[in-house]
Amino acid sequence: MIRKGSAEWKGSLKEGKGTVSLESGVLKDEQYSYKTRFENGNGTNPEELVGAAHAGCFSMQLSAFLTEDGYEPNQVATTSEITFEDGEITKSHLILTADVPGIDKDKFDKIANKAKESCPLSKLLKAEITLEYDLK
């Protein structure tokens, strides 16, 4: 399986601008710029896209591991806070809320941490990955 994302940039770093698109078409020609990455401009940036991808990957991996262990999650909701400093992504902090009937905290903790280490995007990132959660 190969998935594609693309980007185009025009101009200098601070005055230029670009667009990002996904092969699926869900994101098409979405604007990004110096301001959207380093300030608070309108548009997206690479770090928030990585954060969304990591949150989605982790949520799916957690759901798979829970199901393998006989638990059916009602909901798994994850946010990834990406830290970008000194020109590199140094951390992805996963913030999870999960509704998993019948599971105790110790078992959930073991499965959630296994998912944190095992999801393909966690393996790709060369950054510290931390996890906090609220289990309902």
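In what follows, the structure referred to is the one given above.
For the structure given in this document, a descriptive report is provided here. Keep in mind that this is a model prediction, so the values were computed, not measured. (Residues numbered from 1 in each chain as written. Predicted model: local features only at pLDDT ≥ 70, side-chain atom pairs only at ≥ 80, totals over all residues. Heavy atoms only, no water.)

Observations regarding helix α2 (residues 46–68)
Here is step 1: For α2, spanning 23 residues, the distance from its first C-alpha to its last is 33 Å, which sits close to the expected 33 Å at 1.5 Å a residue.
Here is step 2: E47, G51, H54, A55, C57, F58, S59, Q61, L62, F65 and L66 are the residues of α2 that are buried.
Here is step 3: Residues of α2 that are buried in the fold lie against α1 (34–38), β4 (75–85), β5 (88–99), α3 (105–118), α4 (120–124) and β6 (128–135).
Here is step 4: A distance of 3.0 Å separates the backbone nitrogen of E47 from a side-chain oxygen at the start of α2, and that oxygen is part of N45. (Helix = DSSP H or I, 4+ residues; strand = E, 2+ residues; numbered from the N terminus. Expected span 1.5 Å × (residues − 1). Buried < 20%, exposed > 50% of the residue type's maximum accessible area, 1.4 Å probe, protein only. Contact = heavy atoms within 4.5 Å. Polar contact = N/O pair within 3.5 Å; in protein donor to acceptor, adjacent residues only side chain to side chain.)

Brief notes about the nonpolar core
Here is step 1: Within the largest apolar cluster, 18 residues are counted, with the highest numbers of intra-cluster contacts made by F58, L62, L66 and F108.
Here is step 2: Here this core gets five residues from one element, more than from any other, and that element is α2.
Here is step 3: Here L66 is in contact with Y71, P73, V100, I103, F108 and I111, once residues within four sequence places are set aside. (Core = buried A, V, L, I, M, F, W, Y, C linked by side-chain atoms within 4.5 Å.)

Side note on the pairing of strand β2 (residues 17–22)
Here is step 1: As paired elements, strand β1 (residues 5–10) and β2 share six bridges and run antiparallel to each other. Looking across to β2, one finds that E8 is bridged to T19.
Here is step 2: If you look at the hairpin formed by β1 and β2, you'll find six residues sitting between the two strands, and G11 has a positive phi there, around 100°.
Here is step 3: Both β2 and strand β3 (residues 30–33) contribute to a ladder of four bridges, which runs antiparallel. The partner of K17 across the bridge, within β3, is S33. (Pairing = 2+ DSSP bridges.)

Section: the environment of T90
Here is step 1: With respect to the secondary-structure elements, T90 resides in strand β5.
Here is step 2: Owing to a relative accessible area of 22%, T90 belongs among the partly exposed residues under this scheme.
Here is step 3: Measuring from C-alpha to C-alpha, the distance between T90 and K126 comes to 7.6 Å, with 36 residues separating the pair along the chain.
Here is step 4: Contact partners of T90, with chain neighbours within four places excluded, come to T83, E85, A127 and E128.

Side note on the sheet that holds β5
Here is step 1: With mixed pairing, the three strands of this open sheet are ordered in space as β4-β5-β6. With partners counted over all chains shown, the strands left at the sheet margins are β4 and β6, one partner each. The sheet shows a mean angle of 15° between the axes of neighbouring strands, direction not considered.
Here is step 2: The sheet contact formed by β5 and β6 spans eight bridges and is parallel. For T97, the partnering residue across the bridge sits in β6 and is D134.
Here is step 3: Helix-sheet contacts for α2 involve β4, β5 and β6, and the interaxial angle to β4 is about 145°.
Here is step 4: Across the sheet, α3 touches β5 and β6, and the angle it forms with β6 is around 150°. (Axes fitted to C-alpha atoms, helices over the stretch in contact; angles between N-to-C directions.)

Some words on the side chain of S122
Here is step 1: Here S122 shows up in helix α4.
Here is step 2: Under the relative-accessibility criterion, S122 is labelled buried at 7%.
Here is step 3: Setting aside residues no more than four positions away along its own chain, S122 makes contact with H54, K116, E117 and I129.

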